[in-house]
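What follows is the residue order along each chain.
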Amino acid sequence: MKEQVTPYKTSDSKKEQVQSMFDNIAPKYDLLNRILSLGVDVWWRKQAVKHLRAYQPDHVVDIACGTGDFSIAVYKSGVAKVTGVDIANEMLVNGRVKLKEMDLDKGITLVQGDSEQLQFDDNTFDGATVAFGVRNFEHLEKGLTEILRVLRPGAPLIVLEFSKPRVFPVKQLFNFYFKTICPMVGRLVSGDARAYTYLYESVQVFPDGTAFTSIMETCGYKSIQWKKFTFGICSMYIGVK
Ligand SMILES: C[S@@+](CC[C@H](N)C(=O)[O-])C[C@H]1O[C@@H](n2cnc3c(N)ncnc32)[C@H](O)[C@@H]1O
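Residues numbered from 1 in each chain as written. Predicted model: local features only at pLDDT ≥ 70, side-chain atom pairs only at ≥ 80, totals over all residues.

1. So, the overall build of the protein
- Of regular secondary structure, the protein possesses eight helices and seven strands.
- Computed over its C-alpha atoms, the radius of gyration of the protein comes to 17 Å, within 12% of the 18 Å expected for a compact globule of 241 residues.
- In terms of overall dimensions, the protein has a C-alpha envelope of 40 × 40 × 35 Å along the principal axes.
- Within the protein, buried positions represent 43% of all 241 residues.
- Sequence-distant contacts, at least 24 apart, represent 70% of the contacts inside the protein between residues at least 6 apart. (Helix = DSSP H or I, 4+ residues; strand = E, 2+ residues; numbered from the N terminus. Rg over C-alpha atoms; globule rule 2.2 N^0.38 Å. Buried ≥ 20, exposed ≤ 12 C-beta atoms within 10 Å, placed from the backbone. Contact = placed C-beta atoms within 7 Å.)

This is the structure we're talking about:
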């Protein structure tokens, strides 16, 4: 990775800054997601879940689950049990309220934890997912290796993450939207001036495409696939233990 971009540019570690940023924006996170992605994030999640279903997992761990939207999509696809893990407690608190309202709190459990030091035994899960989380890890390789450890042999990790579109005029439009509109709307709705500036900056330095698949390979994943969604604004990566 080029450089470590952090939310608040303070002397705290990236992990501490990311955690407090998501704690800050948690009550408005779902609303902002829907507004800023114009609802497309729901479609991206659905596509990822379709690929996950091919492995017929019973128990999936959704890493960096936030308020649980991806956990919900995974569970609704027919997975018997989903465990969501996130470092930001406020995201989990908001997520649990949503699960209770939707009557999904029996099948989906949200627990606090760090992707770089998971509290689960080796070979626990039939599948793992991370939606828009890997970019926020302080140590990407450590997180990916730790996820591999808790997967059963043959089980997949499915990652959704923003990537950088390279074609004209999508690239230009995307940059304008992400750099100018998102921080403005993000600041107005969440009250956090930095959160959505960090979003743009972190996407710029994050390894996408083959740079990301190479890292997955180095971490020990096999049968790696990369699929672009919406002109490359979002990418899905699959790797198998
Ligand atoms: C952009 S949100 C994505 C939430 C959810 N997956 C979704 O699709 O809406 C990123 C999440 O990653 C979490 N996160 C960042 N670093 C983490 C880590 N090391 N371990 C666990 N969660 C982490 C943050 O707390 C935040 O909730």
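Moving on from the model shown.
2. A look at helix α2 (residues 40-53)
- Over its 14 residues, α2 extends 20 Å from the first C-alpha to the last, a length consistent with the 20 Å expected when each residue adds 1.5 Å.
- Regarding α2, the residues found buried are Trp 44, Arg 45, Ala 48, Val 49 and Leu 52. For α2, the angular spread of the buried residues around the axis is 135°, confining them to a single face. Exposed residues on α2 whose side chains face more than 90 degrees from its buried face are Lys 46 and Lys 50.
- Looking at the buried side of α2, the elements it contacts are α3 (69-76), β4 (127-131), β5 (156-162), β6 (222-229) and β7 (234-240). (Expected span 1.5 Å × (residues − 1). Arc of directions from axis to C-beta.)

3. Considering the pairing of β5
- For β5, a buried count of seven out of seven residues is recorded, marking the element as mostly surrounded by other parts of the structure.
- Residues Pro 156, Ile 158, Leu 160 and Phe 162 of β5 are buried on one face, and the alternating residues Leu 157, Val 159 and Glu 161, pointing to the opposite face, are buried as well.
- Strand direction decides the pairing type here: β4 and β5, joined by four bridges, are parallel. Within β5, the position partnered with Ala 131 by the bridge is Leu 160.
- Tracing the backbone out of β4, into helix α5 (residues 140-150) and back to the parallel element β5 gives a crossover that is right-handed. (Pairing = 2+ DSSP bridges. Right-handed = clockwise from strand over helix to strand, strands pointing away.)

4. Quick word on the site of the ligand
- Among the 22 residues in the neighbourhood of the ligand, the closest are listed as Ala 64, Gly 66, Ala 88, Ser 115 and Ala 131.
- Breaking the shell around the ligand down by element, the ones donating at least two residues are α1 (14-37), α3 and β2 (81-86). (Near = placed C-beta within 6 Å.)

5. Notes on the sheet that holds strand β3 (residues 108-112)
- If you walk across this open sheet you meet the seven strands as β3-β2-β1-β4-β5-β7-β6, and the pairing is mixed. The sheet terminates laterally at β3 and β6, the two strands that pair on one side only. Across the sheet, the mean angle separating the axes of adjacent strands is 15° when strand polarity is ignored.
- Each of β4, β5, β6 and β7 is contacted by α2, which is oriented at about 165° to β5, the strand it contacts most.
- Of the strands in this sheet, β2 and β3 are in contact with helix α4 (residues 89-101), which crosses β3 at around 165°. (Axes fitted to C-alpha atoms, helices over the stretch in contact; angles between N-to-C directions.)

6. A short note on unusual backbone geometry
- In this model, Phe 168 is joined to Pro 169 through a cis peptide bond whose omega is -5°.
- Locating Pro 169 in the fold gives a position in the loop between β5 and α6 (170-190).
- The phi dihedral of Asn 123 is positive, around 55°, even though this residue is not glycine.
- Assessed through the 13 C-beta atoms surrounding it within 10 Å, Asn 123 is described here as partly exposed.
- In this model, Phe 231 sits at a positive phi of 60°, which is unusual for a non-glycine residue.
- Examined against the element boundaries, Phe 231 turns out to sit in the loop between β6 and β7.

7. Considerations on the nonpolar core
- If you look at the biggest cluster of nonpolar residues, it comprises 66 residues, and the most contacted ones within it are Ile 63, Val 74, Ala 128, Val 159 and Leu 160.
- Of all the elements, α1 adds the most residues to this core, at seven residues. (Core = buried A, V, L, I, M, F, W, Y, C linked by C-beta atoms within 7 Å.)

8. Quick look at the packing of α1 against α4
- Running from N to C, α1 and α4 point in directions that differ by 20°, and their axes come no closer than 7 Å. As far as their axial angle goes, α4 and α1 are roughly parallel. Crossing geometry of α1 relative to α4 is assigned as right-handed. Counting all contacts with α1, which are made through Phe 22, Asp 23, Ala 26, Pro 27 and Tyr 29, the residues of α4 involved are Asn 89, Glu 90, Met 91 and Asn 94.
- Classifying every residue of the contact of α1 with α4 by side-chain character gives five nonpolar, two polar and two charged. (Parallel < 35°, antiparallel > 145°, perpendicular 65-115°, else oblique. Left-handed = near helix turned anticlockwise from the far one by under 90°. Nonpolar A, V, L, I, M, F, W, Y, C, P; charged D, E, K, R; others polar.)

Worth remembering: the numbers are spatial, not functional.
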